[in-house]
Structure formats: structure tokens, C-alpha cells
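Take a look at the letters that make up each chain.
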Amino acid sequence: MPRDVLVSTGDLMVAQEAAATMPNGQRITRWTFGSRTGVTAEVLSLGARLQALHAPDRAGRRANVVLGGGSVEDLLGDAAYLGTTVGRYANRIAGGVLPLAGTTYRLATQTTGHTLHGGSDGFATRLWDGVPVRADRQVGVRFRLRSPAGDQGFPGTLAAEVTYLLDPDGGLSITYQAATDAPTVVNLTNHAYFNLAGEGRGTVHDHLLRVEATGYLPVNRDLIPLGPVEPVAGTPFDLRHARRIGTRITTDHPQLRAAGGGFDHTWALDGTGLRRAALLSHPASGRHVECLTTEPGLQVYTGNHFDGTLTGRSGRRYTPYAGIALETQHFPDSPNRPDYPSTLLRPGEKYRSRTVYRFTAG
């Protein structure tokens with residue numbers, strides 16, 4: 001399909017093209033932006049979705065390191081969350097029950113009986129409006145979405161915005177903003193799966209992961225937090241030093257079994273403000289991605305439930321552990337947990353959140 005270059009400045013560019021068509025005839029737009037010689041991102045208007053990210057290895061060879069569906073059917077089905085902006089509420093709300101300002105709201109739930117990522121028709125399934133942006137030494141796309149009051153059961157009309165910006169040094173910044181006309185809850189994140197060996201090229205067992213956290217949230221078999229933050233010390237969740245993922249998730253531990261044979265847990269991050277949350281490395285290629293965030297938590301999911309039925313853009317099937325998600329967010333089920341950081345947003349307030357994925361090689 002023809003591509004229109006909308007921004008071109010030095011080595012950086014932003015281009016737009018028609019990517020596919022929805023079943024209802026609406027067009028899905030693909031935005032490609034970044035460095036012509038370094039890191040380049042592809043983002044779709046469907047779900048404001050990071051569909052691909054091409055990063056060089058230590059020898060300068062570029063590869064897509066993000067998992068993504070290969071067809072519209074996949075993007076609306078088995079690959080619905082891959083790379084998307086999920087909301088209104090990332091992760092789970094137990095029983096779809098939202099108590100707020102003296103009223104209990106009943107949210108849309110999935111087959112588990114809980115609300116996951118904002119409901120079955122959450123932000124991941126919507127077409128967002130996008131425009132190219134340029135800021136300092138960065139280029140990218142800003143997406144906007146209006147979510148009406150009652151959307152998936154959530155109160156208040158929400159105006160949401162997510163901005164992707166890439167700099168020439170390989171830093172992908174994702175900034176979220178939102179405003180509401182009535183009290184509601186908001187918890188937005190990106191659900192990209194990384195495989196630094198390359199999309200569809202084996203598992204992430206040989207990746208090294210460090211997480212800057214002394215505590216994590218144990219969960220039940222529905223992946224609802226059991227209660228307070230618990231220490232990572234003495235458990236497979238102790239990633240305060242870089243550890244090989246395969247070694248950690250194959251340990252016999254009840255929390256790994258509860259999550260289907262791997263990580264699907266929130267780490268309570270140390271510190272506040274924009275700081276490092278995690279470092280993911282692939283020794284064989286020399287690729288690294290450093291994750292920085294303003295959020296209090298990091299959900300790490302090792303793709304435990306990929307079963308080979310989904311084929312990625314590479315034409316390869318995604319088997320268990322084909323990628324790892326590093327989802328910066330507030331804690332799961334916090335509307336029902338007064339001891340967790342609040343996700344309440346009131347009229348006149350502005351929701352803001354920022355995450356940076358910084359790609360390097362060496």
C-alpha cells in the first residue's frame with residue numbers, strides 16, 4: 001500500500017499508510033516512525049497498538065522484537081491485546097465490581113467472571129484517532145479516544161490520549177493522559193510482548209530480567225491479588241539482580257503454578273517518579289531494553305498461555321513463552337483494595353502516566 005511521509009527531519013521520519021480494513025469497512029491506519037538507521041516503530045490505529053519495533057543487535061542487524069498478529073481476524077481475536085493500549089482499567093477487577101462514591105457499578109466481565117483490561121470491548125478493540133507529532137529530537141504519533149459514560153459499565157465520559165515518541169538514541173516514550181466528567185477509575189498501559197531474539201524466534205527462556213522491586217503481589221488461580229505486598233526475597237520473584245527467565249519460571253513454586261507455569265504477577269516497584277522498573281537483556285544478540293516508568297507497579301507476564309494457535313507477522317506460531325510483557329501500571333483490583341495506590345480520577349483532575357522503553361545493543 002502507498003505510504004505518505006508526513007514528517008522528515010534528519011534521520012527521523014513519520015509515515016502513514018492504510019494497513020487493513022475492519023469487518024465494518026472502517027480503515028485501520030499504520031504509522032511508521034523513528035530512525036531510518038536505528039530503532040523504528042509501527043503503530044496501528046486499532047487499539048493504539050505497537051505492532052512492531054525494529055531494533056539493531058550488536059552487529060547492527062535489525063529485527064522486529066515485538067509480537068504481533070498477522071491479520072485483522074487475529075487483531076480482533078487471539079491477538080487482541082498484543083501491543084495494545086489497554087483500558088479503561090488494565091489488569092483485573094474482581095467480579096466486575098466497582099465501588100465508587102457510595103455506588104456499586106457492575107462492569108462487563110469475561111468468561112472468568114472478572115473484568116480484564118476494561119472488558120471484552122475495551123480500548124484494545126477501538127479505532128483511535130491519530131496525528132503525527134514532533135517534539136525536540138523525537139517523532140511519533142498522538143492518539144485520542146472518547147469513551148462515553150457507561151462504556152463497559154464504567155461511570156463518567158473519559159477523554160483518553162496516548163502519545164508515542166521515538167528519539168534517535170532508541171528511546172520509545174509512551175505518555176498517557178485522561179480527563180473525566182464524573183468520578184471514575186483509570187489505569188492505562190501498553191501490552192507489548194518482547195522477544196529480543198526477534199519476533200517468532202523461540203522463547204524468552206534465555207533472556208535475563210532484572211526488576212527494581214523488593215515486593216510483589218501473590219495471586220489466586222483467577223490471578224486476583226490475595227492481599228498485601230509480600231517480599232520477593234527467597235522466592236523465584238526475586239529479580240533484584242538479573243536472572244535467566246527460564247531458570248526462574250521452571251522452579252516449583254505455588255505462585256508459578258497458579259499463573260499457569262510462569263510469571264503473571266505485579267511487582268511493587270521501588271521509588272517514585274520516572275525511574276527504572278526493569279532491564280531485559282538477550283545475551284546472544286546483545287539487545288537490551290530498559291523500562292522506566294512513573295507507575296507504582298509492573299506486571300510481568302511470560303506468555304504462559306500461548307499454545308501455538310496464533311501465527312505472528314513472521315509466519316511463525318507463538319508457542320508458550322514466545323514473548324514477555326512488561327506492563328507498567330497501577331495494581332490489579334485496587335478499586336476493591338483501599339490499601340493499594342488509588343486509581344480514582346475526578347472531574348477537574350488530569351490522569352498522567354509515562355513509560356519509556358530504551359533500546360540499546362552491545
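Scroll up to find the structure this text is about.
Peer 1: Sorry if this is basic, but what is going on with the overall build of the protein chain here?
Peer 2: On a plain count of helices and strands, the protein chain comes out with three helices and 29 strands. Rg of the C-alpha trace for the protein chain: 19 Å, near the compact-globule value of 21 Å for 362 residues, within the 12% margin. The C-alpha extent of the protein chain, read off along each of the three principal axes, is 55 × 45 × 40 Å. Here the protein chain holds 362 residues, and the buried ones make up 59% of them. Restricting to contacts in the protein chain with at least 6 residues of sequence separation, those with at least 24 account for 64%. As displayed, the protein chain has an accessible area near 13800 Å², and 49% of this comes from carbon and sulfur atoms.

Peer 1: Can you help me understand the packing of aromatic side chains in this one?
Peer 2: Aromatic ring pairs are described here by two measures, namely the spacing of the ring centres and the angle between the planes. Taken as a whole, this structure holds 12 aromatic pairs when the rule is applied. Here F123 and W128 contribute two aromatic rings whose centre-to-centre distance is 5.8 Å and whose plane-to-plane angle is 85°, an arrangement assigned as edge-to-face. The burial state of F123 is the same as that of W128; both residues are buried.

Peer 1: Explain the nonpolar core here, please?
Peer 2: When a protein is soluble and globular, its nonpolar side chains tend to lie buried together. Membership of the largest hydrophobic core comes to 61 residues, with the highest contact counts inside it found for F33, L209, V211, W267 and F359. It is strand β14 (residues 158–166) that contributes the most residues to this core, five residues altogether. Other than its neighbours up to four places away in sequence, F33 contacts M13, V14, V39, T40, A41, V43, V139, G140, V141, Y164, L166 and L172. By size, the runner-up hydrophobic cluster in this structure holds 10 residues, among which are L67, A79, L82 and A325.

Peer 1: Can you help me understand the sheet that holds strand β12 (residues 129–135) in this one?
Peer 2: The pairing of strands in a sheet comes from backbone hydrogen bonds and takes either a parallel or an antiparallel form. The nine strands are arranged β12-β13-β14-β15-β29-β25-β24-β19-β22 in an open sheet whose pairing can be described as antiparallel. At either margin of the open sheet sits one strand with a lone partner, and together these are β12 and β22 (243–244). Pairing geometry for strand β19 (residues 208–211) and strand β24 (residues 275–282), over four bridges, is antiparallel. In the strand pairing of β24, L208 is matched with S281.

Peer 1: Looking at this structure, I do not really get the environment of P283. What am I missing?
Peer 2: Mapped onto the secondary structure, P283 falls in the loop between β24 and β25 (287–293). Judged by its relative accessible area of 43%, P283 is partly exposed. Taking the C-alpha atoms as reference points, P283 and H207, 76 residues apart in sequence, are found 7.1 Å from one another. Aside from chain neighbours lying at most four places away, what touches P283 is R58, D206 and L208.

Peer 1: What is the right way to read the pattern of salt bridges from this model?
Peer 2: Where charged atoms from two side chains of opposite charge approach closely, those side chains can pair. Within the structure shown, the criterion is met by 17 salt bridges. Salt-bridge contacts for R144 lead to E161; the nearest nitrogen and oxygen are separated by 2.9 Å. Taken as a pair, R144 in strand β13 (residues 138–147) and E161 in strand β14 lie far apart in primary sequence, 17 residues in all. The class for E161 is buried, based on a relative accessible area of 15%. Connected through shared salt-bridge partners, R210, E212, R276, E290 and R358 make up one network.

Peer 1: Before we go on, may I ask you to explain the sheet that holds strand β21 (residues 230–231) in this structure?
Peer 2: The sheet built from six strands is open, its strands ordered β18-β27-β26-β23-β20-β21 with antiparallel pairing. With partners counted over all chains shown, the strands left at the sheet margins are β18 (193–194) and β21, one partner each. As defined by bridge partners, strand β20 (residues 213–217) adjoins β21 across two bridges and the pair is classed as antiparallel. Across the sheet, Y216 pairs through a bridge with E230, a residue of β21.

Peer 1: What exactly am I supposed to notice about the side chain of R337 here?
Peer 2: Mapped onto the elements of the fold, R337 is located in the loop between β27 (324–329) and β28 (344–345). Within the structure, the side chain of R337 is placed 2.3 Å from the backbone oxygen of P225, a separation counted as a polar contact. If near-sequence neighbours (up to four positions away) are discounted, R337 is found in contact with I224, P225, L226 and G227.

Peer 1: Explanation requested: the side chain of E42 in the structure shown.
Peer 2: Inspection of the secondary structure assignment puts E42 in strand β4 (residues 40–44). Among the residues examined, E42 registers a relative accessible area of 11% and is labelled buried. There is a polar contact of 3.1 Å between the side chain of E42 and the side chain of R313. With sequence-adjacent residues up to four places away left out, E42 is seen in contact with R30, W31, T32, R49, L50, Q51, A52, H54 and R313.

Peer 1: Just checking my understanding: could you explain unusual backbone geometry for this structure?
Peer 2: As a rule of thumb, non-glycine residues mostly have phi less than zero, and peptide bonds are mostly trans rather than cis. At the junction of G87 and R88, the peptide bond is cis and its omega measures out at 10° in the coordinates. By the element assignment, R88 lies in the loop between β7 (85–86) and β8 (92–93). Non-glycine residue N91 carries a positive phi angle of around 75°. Within the fold, N91 resides in the loop between β7 and β8.

Peer 1: I keep staring at the pairing of strand β9 (residues 97–100) and nothing clicks. Help me out?
Peer 2: Looking along a regular strand, one sees side chains alternate from face to face of the sheet. In β9, alternate side chains face the same way, and those of L98 and L100 are buried while those of V97 and P99 on the opposite face are not. Judged from the four bridges that link them, β9 and strand β10 (residues 103–106) form a sheet pairing that is antiparallel. Of the residues in β10, the one forming a bridge with P99 is T104. Where β9 folds back on β10, the antiparallel hairpin that results is connected by two residues, among which A101 adopts a positive phi of roughly 50°.

The rules behind the values
Residues numbered from 1 in each chain as written. Predicted model: local features only at pLDDT ≥ 70, side-chain atom pairs only at ≥ 80, totals over all residues. Heavy atoms only, no water. Helix = DSSP H or I, 4+ residues; strand = E, 2+ residues; numbered from the N terminus. Rg over C-alpha atoms; globule rule 2.2 N^0.38 Å. Buried < 20%, exposed > 50% of the residue type's maximum accessible area, 1.4 Å probe, protein only. Contact = heavy atoms within 4.5 Å. Areas by Shrake-Rupley, 256 points an atom, 1.4 Å probe, with all protein chains shown as cover. Phe/Tyr/Trp six-rings, centres within 6.5 Å; stacked < 30°, edge-to-face > 60°. Core = buried A, V, L, I, M, F, W, Y, C linked by side-chain atoms within 4.5 Å. Pairing = 2+ DSSP bridges. Salt bridge = Lys/Arg side-chain N within 4 Å of Asp/Glu carboxyl O. Polar contact = N/O pair within 3.5 Å; in protein donor to acceptor, adjacent residues only side chain to side chain.

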